[in-house]
Amino acid sequence: MKTIMITGCSSGFGLDIARYFLDRQWRVIATMRAPREDILPASERLRVVPLDVTKAAGIEQSVATAGPIDVLVNNAGIGFLNPLEGTPMATARDVFETNTLGTIAMTRAVLPQMRERKSGVIVNVTSSVTLKSLPLLSVYTASKAAVNAFTESLAFELQPFGIRAVLVLPGRAPQTKFGDNARARMQDGFPEPYKAIVEGVFAGWQKDSLTTDSRAVTEAVWRAATDPSCPMRVPAGADAEALFASAK
Ligand SMILES: NC(=O)c1ccc[n+]([C@@H]2O[C@H](COP(=O)([O-])OP(=O)(O)OC[C@H]3O[C@@H](n4cnc5c(N)ncnc54)[C@H](OP(=O)(O)O)[C@@H]3O)[C@@H](O)[C@H]2O)c1
């Protein structure tokens, strides 16, 4: 029986990925900052583990006690939408600490056991905003583009050890808690000179006919985890797939 460890399972894609793999008879280590057993179906194959990807000691401990991990999904992430002038440096650091350094730290922690077993898959969830840039997302996009570059370089050095590293790039998924979680970080509002740009971005989203369903993300992660011929970048969701095709 294979084991998957997933970060950020309290809501959204992470929660759905955990359910999807449980349904397919995997052993699932669902990690959350504030663990809740009741949001996933009870199962002997499920472990809910406290984990904040910005806390080094917790990462070491949860990986050390997890047993063999076949697949790590770095899904935990935070968003922030604002012009750079409205982005405090503390927020920029938080975004990189979670999205970029959290992913690097988790990956580093699982690699020794995967290298020794000569097998394993790292799945890093980034974003379709790295395929086509949008205004107001400079710091968020940079944090995810760094993970793309990190993963693509890492894949080469892991190949001789039978370990794959794959990127899943979801499009915009308004049904997860991502937007609400990001808004909680945006209480200071937008700088006045950027009002027209902000209004333009929101108006553009109203007109978007294509978005991403969480199911597309879980299926992309499944493919990344189970298909050795999976390409390096897997777009997830109708909007991401359209962007990916036009970026080729
Ligand atoms: N929704 C979108 O439009 C979209 C589009 C492209 C990519 N993505 C990416 O997809 C991933 C999942 O997002 P989502 O849409 O499912 O959003 P979500 O519902 O907000 O889920 C994000 C998860 O990350 C967790 N998290 C945040 N900071 C963490 C930390 N320091 N340590 C551990 N866990 C942490 C959250 O936990 P708490 O409950 O503790 O905050 C939550 O479980 C993110 O990496 C995001 O950047 C999302």
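Residues numbered from 1 in each chain as written. Predicted model: local features only at pLDDT ≥ 70, side-chain atom pairs only at ≥ 80, totals over all residues.

Undergrad: How do you make sense of the overall build of the protein chain when you look at a structure like this?
TA: Broken down by element type, the protein chain carries eight helices and seven strands. Scaling as 2.2 N^0.38, a compact globule of 248 residues should have a C-alpha radius of gyration of about 18 Å, and the protein chain matches this with 18 Å. For the protein chain, the C-alpha atoms occupy an extent of roughly 55 × 40 × 30 Å along the three principal directions. The proportion of buried residues among the 248 residues of the protein chain is 40%. Long-range contacts, defined here as pairs at least 24 residues apart, represent 71% of the contacts in the protein chain between residues at least 6 apart. (Helix = DSSP H or I, 4+ residues; strand = E, 2+ residues; numbered from the N terminus. Rg over C-alpha atoms; globule rule 2.2 N^0.38 Å. Buried ≥ 20, exposed ≤ 12 C-beta atoms within 10 Å, placed from the backbone. Contact = placed C-beta atoms within 7 Å.)

Undergrad: Please explain the nonpolar core as it appears in this structure.
TA: Across soluble globular proteins, you tend to see nonpolar side chains buried next to one another. Core analysis: the biggest nonpolar cluster contains 53 residues, and I4, V73, V123, V168, V221 and A224 have the highest contact counts within it. Tallying contributions element by element places helix α7 (residues 214-226) first for this core, with seven residues. Dropping the residues within four chain positions of it, A224 is found in contact with V121, V123, V166, V168, C230 and V234. Within the second largest apolar cluster, eight residues are counted, among which are L81, V95, L136 and V139. (Core = buried A, V, L, I, M, F, W, Y, C linked by C-beta atoms within 7 Å.)

Undergrad: Honestly, the site of the ligand in this entry has me stumped. Any pointers?
TA: Near the ligand you find 30 residues, and of these G8, G12, A76, G77 and T176 are the closest. Of all elements in the fold, only α1 (12-23), α3 (89-117) and α5 (178-183) reach the threshold of two or more residues within the shell around the ligand. The element best represented in the shell around the ligand is α1, accounting for three residues. The residue makeup of the shell around the ligand, split by class, is 11 nonpolar, 15 polar and four charged. (Near = placed C-beta within 6 Å. Nonpolar A, V, L, I, M, F, W, Y, C, P; charged D, E, K, R; others polar.)

Undergrad: Please clarify how the environment of S11 should be interpreted in this entry.
TA: Looking at where S11 falls in the secondary structure, it is placed in the loop between β1 (3-6) and α1. The class of S11 is partly exposed, set by 16 C-beta atoms lying within 10 Å. Placed 166 residues apart in sequence, S11 and K177 show a C-alpha to C-alpha distance of 6.7 Å. Each residue touching S11, except ones within four places of it in the same chain, is listed here: T176 and K177.

Undergrad: It is not clear to me how the packing of α3 against helix α4 (residues 138-158) should be interpreted in this structure. Could you clarify?
TA: The relative placement of two packed helices is expressed as an angle between their axes plus a distance between the axes. Orientation of α3 relative to α4, taken along the N-to-C sense of each, is 15°, at an axis distance of 9 Å. The angle between α3 and α4 places the two elements in the roughly parallel class. For the pair α3 and α4, the sense of crossing is right-handed. For the pair formed by α3 and α4, the contact residues are A92, V95, F96, N99, T100, T103 and I104 on the first element and V139, Y140, S143, K144, A146, V147 and F150 on the second. Per-class residue counts for the contact of α3 with α4 are nine nonpolar, four polar and one charged. (Axes fitted to C-alpha atoms, helices over the stretch in contact; angles between N-to-C directions. Parallel < 35°, antiparallel > 145°, perpendicular 65-115°, else oblique. Left-handed = near helix turned anticlockwise from the far one by under 90°.)

Undergrad: What's the story with the sheet that holds strand β7 (residues 233-236) in this structure? I'm lost.
TA: Across a sheet, strands are paired by hydrogen bonds formed along the backbone, either parallel or antiparallel in direction. On the basis of which strands lie adjacent, the open sheet formed by seven strands has the order β3-β2-β1-β4-β5-β6-β7 and parallel pairing. Unpaired on one side and paired on the other, β3 (46-50) and β7 mark the two borders of the sheet. Neighbour-to-neighbour, the strand axes of the sheet open up by a mean angle of 20°, direction not taken into account. Of the strands in this sheet, β4 (71-74), β5 (120-125) and β6 (163-170) touch α3, which is tilted by about 170° from β4. (Pairing = 2+ DSSP bridges.)

Undergrad: Would you mind showing me how to read unusual backbone geometry here?
TA: The residue Q25 is not glycine, and still its phi comes out positive at about 70°. Among the structural elements, Q25 can be located in the loop between α1 and β2 (27-32). One non-glycine residue, L136, adopts positive backbone phi at about 75°.

Undergrad: Is there a simple way to think about the environment of L167 in this case?
TA: Within the element layout of this structure, L167 appears in strand β6. Not counting the four nearest positions on each side in its chain, L167 is found in contact with N124, T126, N148, T151, M232, R233 and V234.

Undergrad: Any chance you could explain helix α2 (residues 56-64) here in plain terms?
TA: Those residues of α2 that fall on the buried side of the exposure criterion are I59, S62 and V63. What you see down the axis of α2 is that its buried residues fit within an arc of 95°, all on one side. Residues of α2 that are exposed and point over 90 degrees away from its buried face: A57 and A64. Close packing links the buried residues of α2 with β2, β3 and α3. (Arc of directions from axis to C-beta.)

Undergrad: Which parts of the structure should I look at to understand the packing of α1 against α7?
TA: The N-to-C vectors of α1 and α7 enclose an angle of 55°; their axes lie 9 Å apart at closest approach. In terms of their interaxial angle, α1 and α7 are classed as oblique. Here α1 and α7 pass one another in a crossing that is right-handed. Residues G12, F13, D16, I17 and Y20 of α1 form the contact with α7, whose participating residues are S214, V217, T218, V221 and W222. Across the contact of α1 with α7, the residue classes break down as six nonpolar, three polar and one charged.

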